[in-house]
Amino acid sequence: MIKIIVAGPRGKMGSEALRLIEKTDHFELVGAIDRKYNGRKVKEITGLPPFDAPIYTSAEQALHELEPDVLIDLTTPDAGYYHTRLALENNVSPVVGTTGFSQEQLNMLGHLAEEKEIGAVIAPNFAVGAVLMMQFARWAARYFPDVEIIEKHHDQKLDAPSGTAVKTAELIQEVRSEKQQGHPDEKEIVKGSRGANIHGMHIHSVRLPGLIAHQEVIFGGTGQTLTIRHDSYHRESFMTGVKLAVEQVRKLNGLVYGLENLLE
Ligand SMILES: NC(=O)C1=CN([C@@H]2O[C@H](COP(=O)(O)OP(=O)(O)OC[C@H]3O[C@@H](n4cnc5c(N)ncnc54)[C@H](OP(=O)(O)O)[C@@H]3O)[C@@H](O)[C@H]2O)C=CC1
Ligand SMILES: O=C(O)C1=N[C@H](C(=O)O)C[C@H](O)C1
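Residues numbered from 1 in each chain as written. Chains lettered and ligands numbered in written order. Predicted model: local features only at pLDDT ≥ 70, side-chain atom pairs only at ≥ 80, totals over all residues. Heavy atoms only, no water.

Describing the site of ligand 1
Quick note on the threshold: When at least one non-hydrogen atom of a residue lies within 4 Å of a molecule or strand, that residue is treated as near it. Any pair of nitrogen or oxygen atoms within 3.5 Å is treated as a polar contact; in protein, a donor-acceptor pairing is required on top of that, and neighbouring residues in sequence qualify only through side-chain atoms on both sides. Computed with the Shrake-Rupley method and a 1.4 Å probe, the accessible areas treat only the protein chains shown as cover for residues. With a 1 Å grid spanning the protein atoms alone, the term cavity applies to any set of points in which a 1.4 Å probe fits but cannot get out, the term pocket to an open set with protein on both sides within 12 Å along at least five of seven lines, and the term lining residue to any residue with an atom within 4 Å of a point. The way we define it, a molecule is inside a pocket or cavity when more than half of its atoms are within 2 Å of that pocket's grid points. Under the scheme used here, helices are H or I runs from DSSP no shorter than 4 residues and strands are E runs no shorter than 2 residues, and both carry numbers assigned from the N terminus.
As a matter of local geometry, ligand 1 sits amid 23 residues, with M13, R35, T99, A123 and F126 nearest to it. Between M13 and ligand 1, the recorded distance is 2.8 Å, taken from a backbone N or O atom to an oxygen atom. When the free accessible area of ligand 1 is taken as 920 Å², the share hidden by the protein chains comes to 80%. Of the pockets mapped on this structure, ligand 1 occupies the largest pocket. When contributions to the shell around ligand 1 are tallied by element, the ones reaching two or more residues are α1 (12-22) and α3 (77-89).

Written as structure tokens, this is what we have:
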């Protein structure tokens, strides 16, 4: 049995993670970390599964009193960083889906996991299809160095560009030859019209109601384009990866960044 705490249980992803725990025999929810409802039980919160597990507003108290094996964090960049750090300091393995961490924060968490000799997983996207999309894009970039990324998300998303888009650009950068993309004299008439720029790759972020999580990686070559696209239509799409990470994380030593490192 794996004892789990979920941070962000009322959220779109956190509530989906609770449903995953509910239907997984070897997972046990021992508590939740929420900004509200301290001392209440998860089952008392409308819309959440009928768990007797207690809610804590203090992450420190939850970690000390409940002694979980794993903390699943699905909150916000600031809260997620704080919870992940705290989990590692308390010898609890974090499985983190929260996006928006800086490179400095990721390095810090990596050092801490190594120092404590604890497994940790941070994955910008837990959907297997999205991981394949990123891997296929990395492969395609060897042959098509001209690339732009369009990511589309629901309009409640806090961070832009998405963690998936950043990770995609990082993976492409590993194999892509040095490239000056677009016209050297290109000028933005309206600031921001060419989107964000990571390692010379342009990333465009769309935010609209009705969307969940979608990304296109478009490669351009002479007389052709190649588009690699992934769509999450339901947040259950992320749960295969969350389940795998929870099952694997305590067997790891140090931080694994990206679900692709856990897939065979
Ligand atoms: N890796 C992956 O596969 C995926 C990652 N994500 C990422 O997961 C994160 C959550 O996304 P989503 O569920 O859509 O967001 P939501 O806004 O629906 O949920 C976030 C939850 O975190 C809670 N929260 C905020 N601050 C704290 C805090 N200090 N302590 C405890 N809880 C807190 C919020 O509470 P309140 O309501 O009070 O604000 C809310 O319930 C985002 O970073 C998103 O990018 C999303 C989908 C897939
Ligand atoms: O906020 C979201 O919804 C998502 N966030 C992750 C990201 O930033 O890439 C993963 C997925 O795209 C959904």
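As for the domain arrangement of the protein
As a reminder of what qualifies: Where each domain starts and ends follows an automatic or database-derived domain assignment. Any pair of residues with heavy atoms lying within 4.5 Å of one another is described as a contacting pair. Buried area is calculated as the accessible area (1.4 Å probe) missing from two parts once they are joined, with the contributions of both summed. A carboxyl oxygen of Asp or Glu within 4 Å of a side-chain nitrogen of Lys or Arg is what we treat as a salt bridge. We call Asp, Glu, Lys and Arg charged. Ala, Val, Leu, Ile, Met, Phe, Trp, Tyr, Cys and Pro are nonpolar, and the rest, Gly among them, are polar.
Domain boundaries assigned for the protein yield domain 1 (2-122 + 236-262) and domain 2 (128-233). The centre of domain 1, based on its C-alpha atoms, is set 28 Å off from the matching centre of domain 2. Listed per partner, the contact involves 13 residues of domain 1 and 14 residues of domain 2. Of the roughly 980 Å² buried where domain 1 meets domain 2, counting both sides, 61% is carbon and sulfur surface. Ranking the residues of domain 1 by area buried against domain 2 places T99, Y257 and E260 at the top, with a combined share of 44%. The interface formed by domain 1 and domain 2 includes one salt bridge. Note that K167 is salt-bridged to E260, the shortest N-O span being 2.9 Å. At the junction of domain 1 with domain 2, the criterion picks out five residue pairs in polar contact (both at pLDDT 80 or more). Taken together, the residues of the side of domain 1 that touches domain 2 sort by class into four nonpolar, seven polar and two charged.

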